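# Breakdown of the fold
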Amino acid sequence: MLRGFLTTASHWLYGLHQALDRERAPAPALLPPAGSRAYRRLQRVVLAREVADTLFEDFAEHRASPRGEEEVGWILLGVREESEVRVRAALPAGADRDAGVAHVHFNSVAQAVAWRILRQADRRLAMVGVVHTHPGSLRHPSNGDFRGDSLWVGQLRGGEGAFGIGTADAKPVNGQAYADHVQTRDTLCFSWYALGDGDERYRRLPVTIADGPDVARSLRDVWTTIERYARPLDALCEQLAKVNFEVAQDGQVLLVRFGLAGSDHTIRVLLRQDEARFFLDQGGTLVAIDPEERQLDRAIYLILAELARPPQEAEASQERAVELVNAG
Amino acid sequence: MDFRPLTDTERQRLIDALRNNAQNNRAILMDQRDTSFIGAVEEVTDEEVISAIKSVPCHY
């Protein structure tokens, strides 16, 4: 009798377990193909607090500079969520930007290299928007902006981007708050808009601030160096797989490592604004290299070619070099 | 610890994350305070971002 009771109980528990499993299993409708994240229209842009600081501080600094009459701008990097963008970095237009009183075109190659550096730490960082300034009090993107942005924005995640317009026309509003798409600090003002692929016009985009860093701040000290070497660095990153960046020596040096195939050896390049120094890192032992070539990417390829020599040929080359030194 | 049932949206995000973890080796993010699920790493590709950055139009 006891055995019969246990068998019945066991069957009942098994049935209950199966029923619970069915209840826990997601409905087929909840299993779309992988990677098909659904984006809705942008509801707001969320700036990391330090990104907001960057925008206001850069804008103020720019206005006080010799090029203060020109337009200036930033690209925004961050994460596109379902109905908002979270901005984690603002990259400057760069000293090599093309700008005047009525236009600004960024140094995009330097910005691309900067993104490559930042993505080492965060592989989610995507392009999420653009900010630029206007002279006077035009707080809305211009017709010219729309012509360019409407063609460009479709390639962003969700087919939509956040666009900020900076002006220097903020005034006290007698205790009333500005609209939720406007930020002000002293006389400076940023007005935010969203534009999606196929939209006929921008629409106001509420902006909020969340605690967090501007992850691109660490690059500010080496920005001049990044711009100086942007084209060869960008080309090398396109061509070679094992390229790694580090801002070293308290922001004074951009260190670039090129990993060598089949070993843990690397070519290290220390970049300063007007200097590039090359080393071979053989597992901790550094050997200085003089490639006798000023062009950065060509210098790297010459070093790689030298390192690719067969061992006997490399030894013969070294012996010949010694003979030449002795003969001299 | 919160044992409430997941909403449809939360359940969908978790399923997507598990599927991407199994199929594409994508990391699943965990809240360091209570080990609850907080999302998945959505990596972007070089081509996607570099192309967008380099094609930013002139602004006026």
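Here the structure is a predicted model, which means the values were calculated and not measured.

What follows concerns the overall build of chain B. If you tally the helices and strands in chain B, you get two helices and two strands. The secondary structure elements of chain B, listed N-terminal to C-terminal, are α-β-β-α. Relative to the compact-globule value of 10 Å for 60 residues, chain B shows a C-alpha radius of gyration of 17 Å, a clear excess of over 25%. For chain B, the C-alpha atoms occupy an extent of roughly 50 × 30 × 25 Å along the three principal directions. Out of the 60 residues belonging to chain B, those deemed buried represent 27%. Accessible surface computed for chain B: about 4000 Å², of which carbon and sulfur atoms make up 52%.

Attention shifts here to the nonpolar core. All names here are of chain A. Counting residues in each nonpolar core, the largest one holds 59 residues, and the members touching the most others are Leu77, Met127, Ile226, Leu233, Val256 and Val269. At eight residues, the largest contribution of residues to this core is made by helix α3 (residues 108-119). Listed in part, the 24 residues of the second largest apolar core include Val128, Val131, Leu205 and Val207.

Our focus in this paragraph is helix α2 (residues 46-54) of chain B. Buried within α2 of chain B we find Val49, Ile50, Ala52 and Ile53 of chain B. Looking straight down α2 of chain B, one finds its buried side chains confined to an arc of 165°; they lie on one side. Looking at the packing, one finds that the buried side of α2 of chain B touches β2 (73-80), α3, β6 (126-133), α4 (143-152) and α5 (223-239) of chain A.

With that settled, consider the interface of chain B and chain A. If you look at the interface, chain B gives 28 residues, while chain A gives 44 residues. Both faces considered, chain B and chain A share a buried interface measuring about 3200 Å² in area, 55% of it formed by carbon and sulfur atoms. For the pair chain B and chain A, the interface holds four salt bridges. Sorting the residues of the side of chain B that touches chain A by element identifies α1 (8-24) and α2 of chain B as the ones contributing at least two each. Among the residues making up the side of chain B that touches chain A, the classes are represented as twelve nonpolar, eight polar and eight charged.

Next up on the list: the environment of Thr54 of chain A. Residues and elements named next belong to chain A. Mapping Thr54 onto the fold places it in helix α2 (residues 49-63). Of the residues examined, Thr54 reaches a relative accessible area of 2% and is grouped as buried. Thr54 sits 37 residues away from Leu91 along the chain, and the two C-alpha atoms are 9.3 Å apart. Residues in contact with Thr54, not counting those within four places in the same chain, are Ala90, Asp214, Arg217 and Arg220.

All names here are of chain A. The five strands lie next to each other as β12-β13-β14-β15-β16, forming an open sheet whose pairing is antiparallel. Both outer strands of the open sheet, β12 (243-248) and β16 (285-289), are each paired with one neighbouring strand and no more. For this sheet, the mean inter-axis angle between neighbouring strands, taken without regard to orientation, is 25°. Where strand β14 (residues 266-272) lies against strand β15 (residues 275-282), seven bridges are found, and the strand directions are antiparallel. Counted as the bridge partner of Thr266 is Asp281 from β15. Running over the sheet, helix α6 (residues 296-307) touches β13 (253-259), β14, β15 and β16 and is turned about 160° from β14.

The axes of two packed helices give the description: the angle between them and the distance between them. All names here are of chain A. Following both chains from N to C, one finds α3 and α5 inclined at 75°, their axes separated by 8 Å at the closest point. In terms of orientation, α3 lies roughly perpendicular with respect to α5. Seen from α3, the contacting residues are Val109, Ala110, Gln111, Ala112, Val113, Ala114, Arg116 and Ile117; seen from α5, they are Trp223, Ile226, Glu227, Ala230, Arg231, Leu233, Asp234, Cys237 and Glu238.

Before going further, it helps to examine the packing of aromatic side chains. Residue and element names in this part refer to chain A. Inspection of every chain in the model, using the stated rule, returns six aromatic pairs over all chains. Between Phe56 and Phe190, the aromatic rings sit 5.0 Å apart at their centres with planes inclined by 75°, giving edge-to-face as the arrangement. Of this pair, Phe56 sits in helix α2 while Phe190 sits in strand β9 (residues 188-196), placing them 134 residues apart in sequence. The two residues Phe56 and Phe190 agree in class, both being buried. Centre to centre, the rings of Trp74 and Phe190 are 6.0 Å apart; their planes meet at 70°, and the pair counts as edge-to-face. Here Phe190 lies in strand β9 and Trp74 lies in strand β2, a separation of 116 residues in the sequence. The exposure class of Phe190 is buried, given its relative accessible area of 0%. Linked through ring pairs, Phe56, Phe59, Trp74 and Phe190 together constitute an aromatic cluster.

Basis of the calculations
The written sequence of each chain sets the order in which its residues are numbered from 1. Chain A is the first chain written and ligand 1 is the first ligand written, with later ones labelled in order. The predicted nature of this model means local features are confined to residues of pLDDT at least 70 and side-chain atom pairs, given and counted, to a pLDDT of 80 or more, with totals for whole chains, interfaces and linings taken over all residues. Water and hydrogen atoms were dropped before computing side-chain values, which therefore reflect all heavy atoms in the structure. We count a stretch as a helix when DSSP gives it H or I for four or more residues in a row; a strand needs E for two or more, and each element gets its number in order from the N terminus. Computation of the radius of gyration draws on C-alpha atoms alone. For the globule rule, the value is 2.2 Å times the number of residues to the power 0.38. Whether a residue is buried, partly exposed or exposed follows from its accessible area with a 1.4 Å probe, protein chains only, as a fraction of its type maximum: under 20%, in between, or over 50%, in that order. All accessible-area figures derive from a Shrake-Rupley calculation using a 1.4 Å probe, and residue coverage is judged against the displayed protein chains alone. Residues grouped as a nonpolar core are buried Ala, Val, Leu, Ile, Met, Phe, Trp, Tyr and Cys residues, joined through side-chain atoms within 4.5 Å. Of all possible arcs, the one meant is that of the directions from the helix axis to the C-beta atoms. The contact criterion used is simple: two residues touch if any of their non-hydrogen atoms lie within 4.5 Å. The quantity reported as buried area is the accessible area (1.4 Å probe) lost by two parts once they are put together, taken as the sum for both. A pair is scored as a salt bridge if a Lys or Arg side-chain nitrogen falls within 4 Å of a carboxyl oxygen belonging to Asp or Glu. Under the grouping applied here, Gly and all other residues not named as nonpolar or charged are polar, the nonpolar ones being Ala, Val, Leu, Ile, Met, Phe, Trp, Tyr, Cys and Pro and the charged ones Asp, Glu, Lys and Arg. Note: two strands are recorded as paired if DSSP finds a minimum of 2 bridges between them. Convention adopted: a line fitted to C-alpha atoms gives each axis, helices being fitted over their contacting stretch, and angles between N-to-C directions are expressed from 0 to 180 degrees. Relative orientations are named as follows: roughly parallel for angles under 35 degrees, roughly antiparallel for angles over 145 degrees, roughly perpendicular for angles from 65 to 115 degrees, and oblique for any other angle. The pairing test for Phe, Tyr and Trp rings, Trp by its six-membered ring, is centres within 6.5 Å, and the orientation test on the planes gives stacked under 30 degrees, edge-to-face over 60, and tilted for anything in between.

Shape descriptors only; they carry no functional weight alone.
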